[in-house]
Amino acid sequence: MPVGIFRVCLVVITAIINHPLLFPKENGTIPENTEEIIQKMKEREEILRLEQLRLEQEIAGQEARQKALEKAAKVVEESKEEKVPWDMWTAISLVIFLLIELWRQDFQEGNWQDTGGEEDEMAVLGKVFKGVVLPDKATLASFYEKRILGTTGDMARMREMVEGFADDLLEALRSVCNRDADMEVEDCMGVGSMYENWRVRKPFVCDLIVPFAPPEPYCFRSQTWCSGDSFPPDEQGYGTIKVCRADEDVAGCICDKTKLGEDMLCLLHSQANTARRPSSEMEDLLCFKNTQYLDADQVMKWFQIAVTKAWNRISHKYEFDLSFSLLDSPGALKIKFKSGKSIAFNLTPVVQYENSDVYFISHFPWSGLAADLPSSTHWFLTFAVYERRFIQLVSKMLPANACHVSCLQILSFLHGKQCSLTGPSGLTNYHLKTVLLHLLQARPCQDWAPEKLEARLQDMLKFLEKCLHEKKLYHFFIGNGKIPAELAFPIIFQRAEPLNLFRPFVLHRDVYKKTVDTFHEMLRNTSALINEYTVHIPHAHTNGIHKESL
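Values in this document were obtained by computation on a predicted structure and should not be read as measured data.

Quick notes on the rules
- Residues numbered from 1 in each chain as written.
- Predicted model: local features only at pLDDT ≥ 70, side-chain atom pairs only at ≥ 80, totals over all residues.
- Heavy atoms only, no water.
- Helix = DSSP H or I, 4+ residues; strand = E, 2+ residues; numbered from the N terminus.
- Buried < 20%, exposed > 50% of the residue type's maximum accessible area, 1.4 Å probe, protein only.
- Contact = heavy atoms within 4.5 Å.
- Areas by Shrake-Rupley, 256 points an atom, 1.4 Å probe, with all protein chains shown as cover.
- Axes fitted to C-alpha atoms, helices over the stretch in contact; angles between N-to-C directions.
- Parallel < 35°, antiparallel > 145°, perpendicular 65-115°, else oblique.
- Nonpolar A, V, L, I, M, F, W, Y, C, P; charged D, E, K, R; others polar.
- Expected span 1.5 Å × (residues − 1).
- Polar contact = N/O pair within 3.5 Å; in protein donor to acceptor, adjacent residues only side chain to side chain.
- Salt bridge = Lys/Arg side-chain N within 4 Å of Asp/Glu carboxyl O.
- Phe/Tyr/Trp six-rings, centres within 6.5 Å; stacked < 30°, edge-to-face > 60°.
- Lys NZ or Arg CZ within 6 Å of the ring centre and 35° of its normal.

Q: Run through the overall build of the protein chain, naming residues and quoting values.
A: Within the protein chain, the secondary structure is distributed over 14 helices and ten strands. The buried share among the 550 residues of the protein chain stands at 41%. A separation of at least 24 residues holds for 71% of the contacts in the protein chain among residues at least 6 apart in sequence. Accessible surface, the protein chain: about 32000 Å² in total, of which carbon and sulfur atoms supply 55%.

Structure representation (structure tokens):
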């Protein structure tokens, strides 16, 4: 404002000074052209008037801007006062939204076992399967009889032969081991597809697990990912095994962690036992270097050496050779006859989890589930014994000649055949068996009658496609609170968070894409693959079968 007034005054003073009548000429006479001078004065006055108007407008604009700035400052102050309540409501709204989202995810995972007792629930699945037409019941029955049953008739005889030889080999192993220093080996148990009667693809391989325990006075103390301690997501499904003395407290004595001094003695441990766990002793107990944790690599090396010694002791009794068949699978053995034929089987050492039939295993020769262990001190847990018992328990309640095993065998054959054409995928036979276990629990027993083979096979394919689409296939036993009480399954695993077997697909997109492409290609080729291995059935005979099933 003062600047504007100063500028107006300056213009007026300049006009007065420059006025022609203020400084007349030296002769002091009025010029003769008076009218011309008056005209010029009027023009100058008009110019000055316009300049004054412009200055007044400029001053008014400055005052308006000043008022606008003051108003804006006032608004800013008011907004600062209201900022804290607004931020509080925003935070509350965000927290409510996150809680609703977490509840929605928990609700979905909490109902993962409800795979659909209704037919309509199975219909809301992927798009690829809708265009797939499976062969009719007669074609499937003929395919199963000619291709599946015709090639699996020798499995019982093979299992008996392998089990007898394995028992003899383990007995020889015990005789060559030092009972006071070496691990104590128990009797072997058969698990997997050969002992659940659904193996279809050759070569037939028997899977045997061999529990072992440390020599006295040591014992194993195991720790799993669901035992309370936090495990990273990539270590879920694993556990560690600690080698301890039987008289040692779980938390360990304080004398192992504190220097007591020369004049002090632990009342629990004698002076002879204060140095009872030197590094060399723990390594003799197959522990990882400078730790008390059982090393899977050390165990497999010890087991290979012990099996080799045991075979050298009894080899003269047999008219065949025994060798380790695979370098990347330490427990893979092969019997070679002089005729050129061979029999393969896996003999894998395991550690029992507490007093249950859950076992720690170093690797899965039959499913590849533990291909990438976090470290050699991490052991995967196998529920193979409970899986076999569950299938046996359910089979007793199903109709005669139920189609559950047939469905798994056909699906396993189709997937194996497709992989032989397009290369391996991330889908394994263990995944296929997991799908069957879920459906066995979800569907009524009468749904597994032999005449419903086609419908149940469709269910398995739809369910598997849905799991691939969502990248979620949960382990059947872990986190499943509906396990029959007859199995006496450990409650700690029933209360654990469900374990997603398809989690690797989330981390490896290339493997996931290859797996999905292989599965979709298998769906498109299902009819061709089945018809390729099916004997032609006359049309009249087909109609007769349909009438009988109705």
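We are not done yet, so read on.
Q: I'd like a description of the packing of helix H4 (residues 155–176) against helix H6 (residues 296–314), backed by residues and values.
A: Their axes nearest at 8 Å, the elements H4 and H6 cross at an angle of 100°. Put simply, H4 runs roughly perpendicular to H6. Packed against H4, whose contacting residues are Phe165, Asp168, Leu169, Ala172, Leu173, Ser175 and Val176, the element H6 presents Phe303, Ala306, Val307, Lys309, Ala310, Trp311, Arg313 and Ile314 at the interface. Of the residues in the contact of H4 with H6, the class split is eleven nonpolar, one polar and three charged.

Q: Let's hear about H6: which residues, and what values?
A: Between its first and last C-alpha atoms H6 spans 27 Å; for 19 residues at 1.5 Å apiece the expected length is 27 Å, and the two agree. If you check the start of H6, you find a side-chain oxygen 2.9 Å away from the backbone N of Asp297, and it comes from Asp295.

Q: Can you explain the pattern of salt bridges? Please cite residues and give values.
A: Tallied over the full model, the rule gives 13 salt bridges. Among the ionic pairs, Lys317 bridges to Asp168, the shortest N-O distance being 3.0 Å. Of this pair, Lys317 sits in the loop between H6 and strand E6 (320–324) while Asp168 sits in helix H4; the two residues are 149 residues apart in sequence, bridging distant segments of the chain. Its relative accessible area of 49% is what places Lys317 among the partly exposed residues. For Asp168, a relative accessible area of 18% corresponds to the buried category.

Q: Requested: an account of the side chain of Ser356, with residues and values cited.
A: Counting through the fold element by element, Ser356 comes out in the loop between strand E8 (342–352) and strand E9 (359–361). Judged by its relative accessible area of 9%, Ser356 falls in the buried class. Here Tyr353 takes part through its backbone oxygen, which lies 2.7 Å from a polar atom of the side chain of Ser356. A polar atom in the side chain of Ser356 sits 3.2 Å from the backbone nitrogen of Val358. Setting aside residues no more than four positions away along its own chain, Ser356 makes contact with Tyr386 and Pro490.

Q: Break down the packing of aromatic side chains for me, citing the residues and quoting the values.
A: According to the stated counting rule, one finds 28 aromatic pairs in the structure shown. A centroid spacing of 6.0 Å and a plane angle of 35° characterise the contact between Trp225 and Phe493, whose relative ring orientation is tilted. Here Phe493 lies in helix H11 (residues 491–494) and Trp225 lies in the loop between strand E4 (218–224) and strand E5 (238–245), a separation of 268 residues in the sequence. As far as burial versus exposure is concerned, Trp225 and Phe493 are alike and both buried. Members of the aromatic cluster, joined through ring pairs, are Trp225, Tyr353, Phe360, Phe383, Tyr386, Phe390, Phe476, Phe477, Phe489 and Phe493. Note that Lys471 overlies the ring of Tyr512, its terminal NZ or CZ placed 4.4 Å from the centroid.

Q: How would you sum up unusual backbone geometry? Please name residues and give values.
A: In this model, Lys202 is joined to Pro203 through a cis peptide bond whose omega is 0°. Tracing the sequence through the fold places Pro203 in the loop between strand E2 (189–191) and strand E3 (205–213). The residue after Glu216, namely Pro217, is reached through a cis peptide bond having omega 10°. Tracing the chain through its elements places Pro217 in the loop between E3 and E4. With a phi close to 50°, Glu354 is a non-glycine residue in the positive phi region. Mapped onto the fold, Glu354 is located in the loop between E8 and E9. Of note, the phi angle at Lys471 is positive, near 60°, even though the residue is not glycine. Tracing the backbone through its elements, the reader meets Lys471 in the loop between helix H10 (453–470) and H11. Residue classification places Lys471 among the partly exposed positions, given a relative accessible area of 23%.

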